[in-house]
Amino acid sequence: MLEFLRVALNVAWKDLRVEHRSKTALVSAIAFAALVLVIFNFARDAAAVSREMLAPSVLWITFSFSGVIALNRSFALERENAALDGLLLAPVSRSALFLGKYLANLAFVFTVEAVTLPLFVLFFGVDLSGVLAGIVLTAILATTGFVAVGTVFAAMTVRTRFAELMLPLLVLPFLLPPVIGAVQVTARLLSGRPVSEIAGWLRILAFYDLVFVTLCLLLFPALMDE
Amino acid sequence: MTADLVGARRWIRRGQILTALGLLGLALVYVLALRYTSVERFQGLPQKIFYVHVPAAWSALLSFSLVGITSILYLWLRDPRLDRFADSCAAVGLVFSMVMLTTGPLWARPVWNTWWTWDARLTFTLILFFLFLGYRALRGAIQDPGERARFSAVLGILGMVLVPFVHLTVYLFRTLHPQPIVLKPSAPSLPGDMLRTLLISVGVYTILLIGFVVMRYGVAARESLETSDAG
Amino acid sequence: MTLPAVPLLEAQNLERRFGAARALAGVSLSVFPGECHLITGPNGAGKTTLLRVLAGLARPSRGAVRVAGKPLAGQPLARRGIGLLSHQSQLYGELTPIENLEFAARLYGVPDPASTARAGLAAVGLSDRGDDPVRSLSRGMVQRVAIARAVLHRPSVLLLDEPFSGLDAQSSEQTLALLARERSAGRALVLVTHDPHDAWELATHTHLLVRGVWALGGPREASVDGFLRRCREALYA
């Protein structure tokens, strides 16, 4: 068990180090998020649609789309020089490799979200006092699930011809439950609803995470088997 | 080699026979539905799309479950025939979900005065459609047959597990659709002759499903023989 | 010298097929310390597939691979006895050679990764470039770092897929020297190449793979031209 974690952390650290050197993916993801926020602000009819009504959806569209952009680079870096072979040759479990990739992707997407949230507050003028903890918890729960599935699909699509197109196509249906849940919770938090209404949705999010992270850990070795 | 080719042709033949039977049955259903079944009180004539829409939904969901189950079996047994079967079910399921997505609006327009609604069931079908589409797209994008089979199998399993979550979240989110009439705990509340026509229609669609899948399977088997002979 | 009873690497009746297409159709191989098995064959013969199956990267449809008697299938630890050098370096361009080697050392559970990495780099004569990103190194240098990575964990068998491709004469010489050193240290080599001239001096056994089966195999003969002639005869028989 400890060995498993050690390998995963080793791989995750390596991924983050590589990204740190080039910084390209992180910067594009954040720039993309900022762009989406700006466009949404200009694209709505201020008289017809209030910012409060639009805010939860905008936040989650931004988070999920920039998340998908982040996921692409995860296996692209392994393709160069067949570095993935190097990982697969090692005397370690393939699920541990997945965990490492997954943790690195999580760190990456959480970073993008952490930078985007203040921008969101700024552009949309929402008041997060009192509900920040709730928003952060929701973000963690929703992101945990879709990044797991996204990591698996990134591994699948990296060698295909239209990888940047295939990944969003495959991931889209899997984004729905976490995003629907997250938007529901965010909307209720922002309008000051009681926690009891939200608990049910949070449970669904947590259950989704449990099921899909486990499934992805179990299925990833089959992808790497040639 | 030729024995396999004969086998493939036999599958195609069987599939064609079943499909022909199914299409005959379909004609029968149309006659039944239009002429020999009562007209629903509130919705009128457009309600008859029900006999096409619901069985198509059943077939799409059945295809999808088959893809999921065969995917699990493939990863366990690694038999290429299982992969071929999953592929056939996915192709056919895509068609049925497209039927659902076209009959849905055709039904919705006269009854609810809108082409599209984001209600639970129609949304669910849209997601199913995207899953099928993604499955086909993934297969089309991978050349190596072993890799294609493994990757599709993983997608099939993930998709199968996703379906209940989508159903749950979308249902909780919104419901505009007619409430379940047939699959209720108590006795179905459809009047006798409508229920009869519906069940016959479901039966016919299932025959069509099997016929299409078998034909597709045979064609895929023949194609794989041709490519390995040529290579 | 008595041979150990258990080969360092043993492949029994390897088959690899999907449906009707077959890449390997019954290949067996036994490799002992100090041996260098040179494998050649036409394109599409299955050479790279064979190497990937031996390395544990690909699963055979039938047959088994054993490393020092232990089966490779389903046992990650058995892979410890194997190193693979392919024509792609398996290195991360953004990281330095030292970082790449340290990462590999940690992955293989080698004690004291930092000094093992430095020693490995010194052994291939690149200590002075240890802190430059791999991206900035020449192909020959990258190859040397890749060799260092492949032998870092002291594998008993080294698998090589076209290790001389894309190298200039000087780099080829250096690679040959490094491999010869590994062989005399008791490692076994399995080397796939389309041109037997490259590694002729190193080889102790030669094999010809055609359409997934051995067409020729045995101890290396005296002259490479003799071997090539026999290959041509086998191919056009």
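Residues numbered from 1 in each chain as written. Chains lettered and ligands numbered in written order. Predicted model: local features only at pLDDT ≥ 70, side-chain atom pairs only at ≥ 80, totals over all residues.

**Q** Before we move on, could you go through the sheet that holds strand β10 (residues 213-219) of chain C and cite the residues and values that matter?
**A** Backbone hydrogen bonds hold the strands of a sheet together, and the pairing may be parallel or antiparallel. All names here are of chain C. Within the open sheet, the 6 strands sit side by side as β6-β7-β8-β3-β9-β10. Their pairing is mixed. Lying at the two open borders of the sheet, with one neighbouring strand each, are β6 (82-85) and β10. Along the sheet, successive strands turn relative to each other by an average axial angle of 15°, direction set aside. Packing against the sheet, helix α1 (residues 47-55) makes contact with β3 (36-40), β6, β7 (157-161), β8 (188-192) and β9 (205-210), and its axis sits at approximately 150° to β7. (Pairing = 2+ DSSP bridges. Helix = DSSP H or I, 4+ residues; strand = E, 2+ residues; numbered from the N terminus. Axes fitted to C-alpha atoms, helices over the stretch in contact; angles between N-to-C directions. Contact = placed C-beta atoms within 7 Å.)

**Q** Please give an account of the interface of chain A and chain C that cites residues and values.
**A** In this complex, chain A contributes 22 residues to the contact, which on the side of chain C involves 24 residues. If you list the elements that add at least two residues to the side of chain A that touches chain C, you get α1 (2-22) and α4 (83-89) of chain A. Sort the elements by how many residues they give to the side of chain A that touches chain C and α1 of chain A lands first, with 7 residues. Looking at the side of chain A that touches chain C residue by residue, the classes come out as 10 nonpolar, 5 polar and 7 charged. (Nonpolar A, V, L, I, M, F, W, Y, C, P; charged D, E, K, R; others polar.)

**Q** Describe helix α3 (residues 113-123) of chain C, naming the residues involved and giving the relevant values.
**A** All names here are of chain C. Those residues of α3 that fall on the buried side of the exposure criterion are Thr116, Ala117, Gly120 and Leu121. Viewed end-on, α3 has its buried residues packed into an arc of 130°, placing them on one side of the element. Opposite the buried face of α3, by more than 90 degrees, sit the exposed residues Ala114 and Ser115. Tucked into the core, α3 has its buried residues touching α2 (97-107) and α4 (139-151). Once α3 ends, the next one or two residues include Gly125, with phi positive near 75°. (Buried ≥ 20, exposed ≤ 12 C-beta atoms within 10 Å, placed from the backbone. Arc of directions from axis to C-beta.)

**Q** Please give an account of the confidence of the model for chain C that cites residues and values.
**A** Keep in mind that low pLDDT regions are not for reading the predicted coordinates in detail. Put simply, chain C has an average pLDDT of 89, and 97% of its residues get 70 or more. Interface confidence for the predicted complex, given as ipTM, is 0.90, next to a pTM of 0.87. (pLDDT = per-residue confidence, 0-100.)

**Q** So, the nonpolar core: which residues are in play, and what are the values?
**A** The biggest cluster of nonpolar side chains holds 196 residues, and the ones touching the most others in it are Val149 and Val152 of chain A together with Leu54, Val157, Leu159, Val190 and Leu191 of chain C. By residue number, the principal contributor to this core is helix α6 (residues 192-230) of chain B, which donates 14 residues. In this structure Leu54 of chain C touches Leu9, Ala11, Val65, Leu159 and Val190 of chain C, once residues within four positions along its chain are discounted. (Core = buried A, V, L, I, M, F, W, Y, C linked by C-beta atoms within 7 Å.)

**Q** Account for unusual backbone geometry, naming residues and giving values.
**A** All names here are of chain C. Although it is not a glycine, Glu162 sits at a positive phi angle of roughly 50°. By the secondary structure assignment, Glu162 is in the loop between β7 and α5 (169-184). Phi at Arg211 takes a positive value of approximately 50°, unusual for a residue other than glycine. Mapped onto the elements, Arg211 comes out in the loop between β9 and β10. Here Arg211 falls in the partly exposed class, since 14 other C-beta atoms lie within 10 Å of it.

**Q** Give me the lowdown on the pairing of β10 of chain C, citing residues and values where you can.
**A** All names here are of chain C. Sheet topology note: the β9/β10 ladder contains 6 bridges and is antiparallel. By the bridge assignment, Leu209 is partnered in β10 with Trp214. Hairpin remark: β9 followed by β10, antiparallel, with 2 residues in the connecting loop; positive phi at Arg211, about 50°.

**Q** Quick one: what's the story with the pairing of β8 of chain C, residue by residue and with numbers?
**A** Residues and elements named next belong to chain C. Counting buried positions along β8 yields 5 of 5 residues, so the element is predominantly enclosed. Here β8 shows a buried face lined by Ala188, Val190 and Val192 and a second buried face lined by Leu189 and Leu191. As judged from the 4 bridges shared by β3 and β8, these two strands associate in the parallel manner. From the neighbouring strand, Cys36 faces β8, where its bridge partner is Leu189. When β7 meets β8, the two strands line up parallel, connected through 5 bridges. Bridging across to β8, Leu159 finds its partner in Val190.

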